[in-house]
Amino acid sequence: MPLLNITVIRGRTPEELRQLLDSAHRAVVEAFGIPERDRYQVVDVREPDDVVAQDTGLGFERSDQLVIIQVVSRRRTAEMKQRFYELLAEHLHRDCGLDAKDLIVSITENGDADWSFGAGRAQFVTGELA
(Lines give C-alpha, C1' and ligand atoms only; values in the text may rest on other atoms or scores of the structure.)
Protein backbone atom coordinates (compact mmCIF):
# COMPACT_ATOMS: atom_id res chain seq x y z
CA MET A 1 0.00 0.00 0.00
CA PRO A 2 -0.39 2.51 -1.60
CA LEU A 3 -1.83 1.14 -4.83
CA LEU A 4 -0.63 2.83 -8.02
CA ASN A 5 -2.70 2.56 -11.20
CA ILE A 6 -0.45 3.78 -14.02
CA THR A 7 -1.85 4.61 -17.45
CA VAL A 8 0.49 5.00 -20.41
CA ILE A 9 0.06 5.22 -24.17
CA ARG A 10 1.14 2.15 -26.15
CA GLY A 11 4.70 2.27 -27.46
CA ARG A 12 6.98 1.67 -24.48
CA THR A 13 9.13 -1.46 -24.34
CA PRO A 14 8.81 -3.89 -21.41
CA GLU A 15 12.14 -2.56 -20.13
CA GLU A 16 10.89 1.04 -20.28
CA LEU A 17 7.74 0.08 -18.40
CA ARG A 18 9.79 -1.72 -15.72
CA GLN A 19 12.00 1.38 -15.31
CA LEU A 20 8.92 3.58 -14.99
CA LEU A 21 7.46 1.27 -12.30
CA ASP A 22 10.75 1.07 -10.41
CA SER A 23 11.19 4.85 -10.48
CA ALA A 24 7.63 5.46 -9.29
CA HIS A 25 8.14 2.97 -6.47
CA ARG A 26 11.33 4.69 -5.31
CA ALA A 27 9.41 7.98 -5.11
CA VAL A 28 6.62 6.37 -3.04
CA VAL A 29 9.08 4.74 -0.63
CA GLU A 30 11.03 7.96 -0.17
CA ALA A 31 8.06 10.33 0.14
CA PHE A 32 5.72 8.19 2.24
CA GLY A 33 8.29 6.22 4.24
CA ILE A 34 6.81 2.84 3.37
CA PRO A 35 8.72 -0.47 3.35
CA GLU A 36 10.49 -1.43 0.12
CA ARG A 37 8.31 -4.55 -0.34
CA ASP A 38 5.10 -2.55 0.12
CA ARG A 39 4.62 -2.43 -3.65
CA TYR A 40 1.30 -2.57 -5.52
CA GLN A 41 1.27 -1.31 -9.12
CA VAL A 42 -1.00 -1.92 -12.09
CA VAL A 43 -0.15 -0.74 -15.60
CA ASP A 44 -2.88 0.14 -18.07
CA VAL A 45 -1.56 0.49 -21.64
CA ARG A 46 -3.90 2.46 -23.92
CA GLU A 47 -4.10 3.36 -27.57
CA PRO A 48 -3.40 7.05 -28.28
CA ASP A 49 -7.05 7.78 -29.10
CA ASP A 50 -8.17 6.26 -25.78
CA VAL A 51 -6.58 9.01 -23.67
CA VAL A 52 -7.57 12.67 -23.54
CA ALA A 53 -5.46 14.75 -21.16
CA GLN A 54 -5.61 18.47 -21.68
CA ASP A 55 -3.77 21.14 -19.73
CA THR A 56 -6.43 22.53 -17.32
CA GLY A 57 -5.47 26.01 -18.51
CA LEU A 58 -1.80 25.69 -17.52
CA GLY A 59 -0.49 25.81 -21.10
CA PHE A 60 1.08 22.34 -21.04
CA GLU A 61 1.58 20.52 -24.32
CA ARG A 62 1.24 16.78 -23.74
CA SER A 63 3.10 14.16 -25.77
CA ASP A 64 2.63 10.47 -26.46
CA GLN A 65 4.90 9.85 -23.44
CA LEU A 66 2.08 10.90 -21.10
CA VAL A 67 1.91 9.07 -17.75
CA ILE A 68 -1.20 9.26 -15.56
CA ILE A 69 -0.83 7.88 -12.05
CA GLN A 70 -3.78 7.31 -9.76
CA VAL A 71 -2.74 6.59 -6.18
CA VAL A 72 -5.04 4.96 -3.62
CA SER A 73 -3.59 5.39 -0.15
CA ARG A 74 -4.13 5.81 3.54
CA ARG A 75 -4.14 9.46 4.59
CA ARG A 76 -0.92 11.41 3.96
CA THR A 77 -0.03 14.96 4.91
CA ALA A 78 -0.04 17.73 2.30
CA GLU A 79 3.73 17.95 2.72
CA MET A 80 4.16 14.22 2.02
CA LYS A 81 2.00 14.48 -1.09
CA GLN A 82 3.90 17.51 -2.40
CA ARG A 83 7.19 15.70 -1.77
CA PHE A 84 5.83 12.66 -3.63
CA TYR A 85 4.85 14.78 -6.66
CA GLU A 86 8.32 16.37 -6.71
CA LEU A 87 10.21 13.10 -6.29
CA LEU A 88 8.05 11.35 -8.86
CA ALA A 89 8.72 14.04 -11.46
CA GLU A 90 12.45 14.02 -10.64
CA HIS A 91 12.83 10.23 -10.74
CA LEU A 92 10.80 9.80 -13.92
CA HIS A 93 12.75 12.56 -15.64
CA ARG A 94 16.14 11.21 -14.52
CA ASP A 95 15.41 7.50 -15.07
CA CYS A 96 12.96 7.59 -18.00
CA GLY A 97 13.50 10.97 -19.67
CA LEU A 98 9.89 11.95 -18.93
CA ASP A 99 9.05 15.64 -19.25
CA ALA A 100 7.28 16.72 -16.04
CA LYS A 101 4.50 18.22 -18.19
CA ASP A 102 3.66 14.66 -19.27
CA LEU A 103 2.95 13.56 -15.70
CA ILE A 104 -0.52 13.71 -14.13
CA VAL A 105 -1.05 12.41 -10.58
CA SER A 106 -4.17 12.05 -8.48
CA ILE A 107 -4.34 10.70 -4.92
CA THR A 108 -7.47 9.18 -3.41
CA GLU A 109 -7.38 8.53 0.33
CA ASN A 110 -9.14 5.86 2.32
CA GLY A 111 -9.01 4.28 5.77
CA ASP A 112 -7.68 1.16 7.44
CA ALA A 113 -10.89 -0.84 6.97
CA ASP A 114 -10.70 -0.25 3.22
CA TRP A 115 -7.71 -2.58 2.71
CA SER A 116 -7.41 -6.35 2.61
CA PHE A 117 -4.11 -7.80 1.45
CA GLY A 118 -5.43 -11.35 1.36
CA ALA A 119 -6.84 -14.15 3.50
CA GLY A 120 -10.19 -12.35 3.82
CA ARG A 121 -8.99 -9.98 6.56
CA ALA A 122 -8.47 -6.23 6.89
CA GLN A 123 -4.89 -6.45 8.19
CA PHE A 124 -4.71 -2.82 9.34
CA VAL A 125 -7.84 -3.40 11.44
CA THR A 126 -6.80 -6.81 12.80
CA GLY A 127 -3.37 -5.47 13.79
CA GLU A 128 -1.44 -7.75 11.43
CA LEU A 129 -0.12 -4.57 9.79
CA ALA A 130 0.54 -1.20 11.39
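See the structure above.
Given the structure is predicted, the values throughout are model-derived calculations rather than measurements.

Reading guide: rules and limits
Residue positions are given per chain, counting from 1 as you read along its sequence in written order. Per-residue local features are limited, in this predicted model, to residues with pLDDT of at least 70; the limit for side-chain atom pairs, both in listing and counting, is 80 or more; totals at the level of whole chains, interfaces and linings are taken over all residues. Side-chain measures were taken over the full set of non-hydrogen atoms in the model, leaving aside hydrogen atoms and water. Helix and strand assignments come from DSSP, with helices taken as H or I runs of at least 4 residues and strands as E runs of at least 2, each series counted from the N terminus. Each residue is placed in one exposure class: buried if its accessible area under a 1.4 Å probe, protein chains only, is under 20% of its type's maximum, exposed if it is over 50%, and partly exposed if it falls in between. Any pair of residues with heavy atoms lying within 4.5 Å of one another is described as a contacting pair. For Phe, Tyr and Trp, where Trp contributes only its six-membered ring, two rings pair if their centres lie within 6.5 Å, and the inter-plane angle classes them as stacked under 30 degrees, edge-to-face over 60, or tilted in between. Note on geometry: a ring has a charge over it if NZ (lysine) or CZ (arginine) is within 6 Å of the ring centre and within 35 degrees of the ring normal.

J.: Looking at this structure, I do not really get the environment of Glu 30. What am I missing?
T.: Within the secondary structure layout, Glu 30 lies in helix H1 (residues 14–32). You can call Glu 30 partly exposed: its relative accessible area is 45%. For Glu 30, the residues in contact, after removing those within four places along its chain, are Arg 83, Leu 87 and His 91.

J.: Please explain the packing of aromatic side chains as it appears in this structure.
T.: Considering all chains together, one arrives at five aromatic pairs under this definition. Measuring from centroid to centroid gives 5.4 Å for Tyr 40 and Phe 117, while their planes differ by 40°, and the two rings are tilted. In this pair, Tyr 40 sits in strand S2 (residues 40–46) while Phe 117 sits in the loop between strand S4 (103–110) and helix H3 (123–126), placing the two residues 77 residues apart along the sequence. Residue Phe 117 is classed as partly exposed on the basis of its relative accessible area of 27%. For the ring pair Phe 117 and Phe 124, a centre distance of 5.6 Å and an interplane angle of 90° mean the geometry is edge-to-face. Over the ring of Phe 124 we find Arg 74; its NZ or CZ atom is 3.8 Å from the centre of that ring.

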